[in-house]
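# An overview of the molecular structure
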Amino acid sequence: MDNKHLVFEGIHFRVYQQSVEVNPGVFQTHETVWRRDGTRVLALDADQRLLLAREYRYELHDYDWRIPGGKLAAENESPEDAAAREFEEETGLRPRSLRHLRTTTPFATVDYRIHFFLATEFLPGDRALEIGEHIQLSWLPLQEAVELAFRGDIAEDISALAVIRLAHFQPPKVQTS
């Protein structure tokens, strides 16, 4: 029997409580948070440079290096469509194609997934920052982005890990003469 009930609903989050039997006859109240899934696009150009966004994050009260991306706009929007839309809005580039890398659940108590995609070819698009978004874009050598990740300058750890994984699994570019 589902006894989950909504205790709070905000702009981005919902909080639910549920009585869970943790041992026979022993119940505890558990809480979970729901938020709409997110996407990130690891944009890697032919010169092995990664596009990072330096974005002011109000929750951090500071700027943070981030992988471009955002939330699914509606429950019926696919992660791939959301990734392409958010990437274009934040960068002014349209990915020619997206390759799904992985989907991860960053937190056990938050019903939320982040879908990571790789884009390696781009078309001109239309940048459309939302009100309050302050984003500066930089193409950084992949190794420099990895150093940002290891230093903690990419504050969202799951995105920092995605940069490190990309560098680890990305074959080095072969120089031709």
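Provided above is the structure to which this section pertains.
Values in this document were obtained by computation on a predicted structure and should not be read as measured data. (Residues numbered from 1 in each chain as written. Predicted model: local features only at pLDDT ≥ 70, side-chain atom pairs only at ≥ 80, totals over all residues. Heavy atoms only, no water.)

On a plain count of helices and strands, the protein chain comes out with 3 helices and 13 strands. C-alpha extents for the protein chain along the principal axes are approximately 75 × 35 × 30 Å. For the protein chain, with 177 residues in total, the buried portion stands at 37%. The long-range fraction of contacts in the protein chain, counting pairs at least 24 apart against all pairs at least 6 apart in sequence, stands at 59%. (Helix = DSSP H or I, 4+ residues; strand = E, 2+ residues; numbered from the N terminus. Buried < 20%, exposed > 50% of the residue type's maximum accessible area, 1.4 Å probe, protein only. Contact = heavy atoms within 4.5 Å.)

What follows is about the pairing of strand β2 (residues 13–23). As paired elements, strand β1 (residues 5–9) and β2 share 4 bridges and run antiparallel to each other. When the bridges of β2 are listed, His5 appears paired with Gln17. Here β1 folds back onto β2 in antiparallel fashion, the turn holding 3 residues. In this sheet, strand β3 (residues 26–35) lies alongside β2 in antiparallel orientation, the contact comprising 10 bridges. Residue pairing in the sheet places Val20 in a bridge with Gln28 of β3. With antiparallel pairing between neighbouring strands as the criterion, β2 and β3 make up a hairpin whose turn holds 2 residues, including Gly25 at a positive phi of roughly 80 degrees. (Pairing = 2+ DSSP bridges.)

The next point concerns the side chain of Asp45. Mapped onto the elements of the fold, Asp45 is located in the loop between β4 (38–43) and β5 (49–57). At a separation of 2.6 Å, a polar atom in the side chain of Asp45 contacts the side chain of Arg49. If near-sequence neighbours (up to four positions away) are discounted, Asp45 is found in contact with Phe122 and Trp139. (Polar contact = N/O pair within 3.5 Å; in protein donor to acceptor, adjacent residues only side chain to side chain.)

Let us now look at the packing of aromatic side chains. Evaluation of the coordinates by the stated rule reveals 4 aromatic pairs. A ring pair is formed by Tyr56 and Tyr63, whose centres lie 5.3 Å apart and whose planes are at 75 degrees; its orientation type is edge-to-face. Between Phe122 and Trp139, the aromatic rings sit 5.7 Å apart at their centres with planes inclined by 65 degrees, giving edge-to-face as the arrangement. Here Trp139 lies in strand β13 (residues 135–141) and Phe122 lies in strand β12 (residues 122–124), a separation of 17 residues in the sequence. In this structure Phe122 comes out as partly exposed when scored by relative accessible area, which is 21%. Among the aromatic residues, those joined into a cluster by ring pairs are Tyr56, Tyr58 and Tyr63. Over the aromatic face of Tyr16 sits the side chain of Lys4, whose NZ or CZ is 4.9 Å from the ring centroid. (Phe/Tyr/Trp six-rings, centres within 6.5 Å; stacked < 30°, edge-to-face > 60°. Lys NZ or Arg CZ within 6 Å of the ring centre and 35° of its normal.)

Judged by pairing direction, the sheet is antiparallel, and its 3 strands sit side by side in the order β6-β5-β13 without closing on themselves. Only two strands of the sheet have a single neighbouring strand rather than two, namely β6 (62–66) and β13. Strand-to-strand, the axes of this sheet are offset by a mean angle of 25 degrees, without reference to chain direction. Pairing of β5 with β13, which is carried by 7 bridges, proceeds in the antiparallel orientation. Paired with Leu50 across the two strands is Leu140, which belongs to β13. (Axes fitted to C-alpha atoms, helices over the stretch in contact; angles between N-to-C directions.)

Here we have 4 strands laid out as an open sheet, ordered β7-β4-β11-β9, and mixed in their pairing. Of all strands in the sheet, those with a lone pairing partner are β7 (69–71) and β9 (99–104), marking the two edges. Direction aside, the axes of adjacent strands within the sheet are offset by 20 degrees on average. Looking at chain direction, β4 and strand β11 (residues 114–119) are connected through 6 bridges and run parallel. Bridged to Val41 within β11 is Phe117. Strand contacts of helix α1 (residues 79–91): β4, β7 and β11, with the helix running at about 65 degrees to β4, the strand carrying the most contacts. Of the strands in this sheet, β4, β9 and β11 touch helix α3 (residues 157–169), which is tilted by about 35 degrees from β11.

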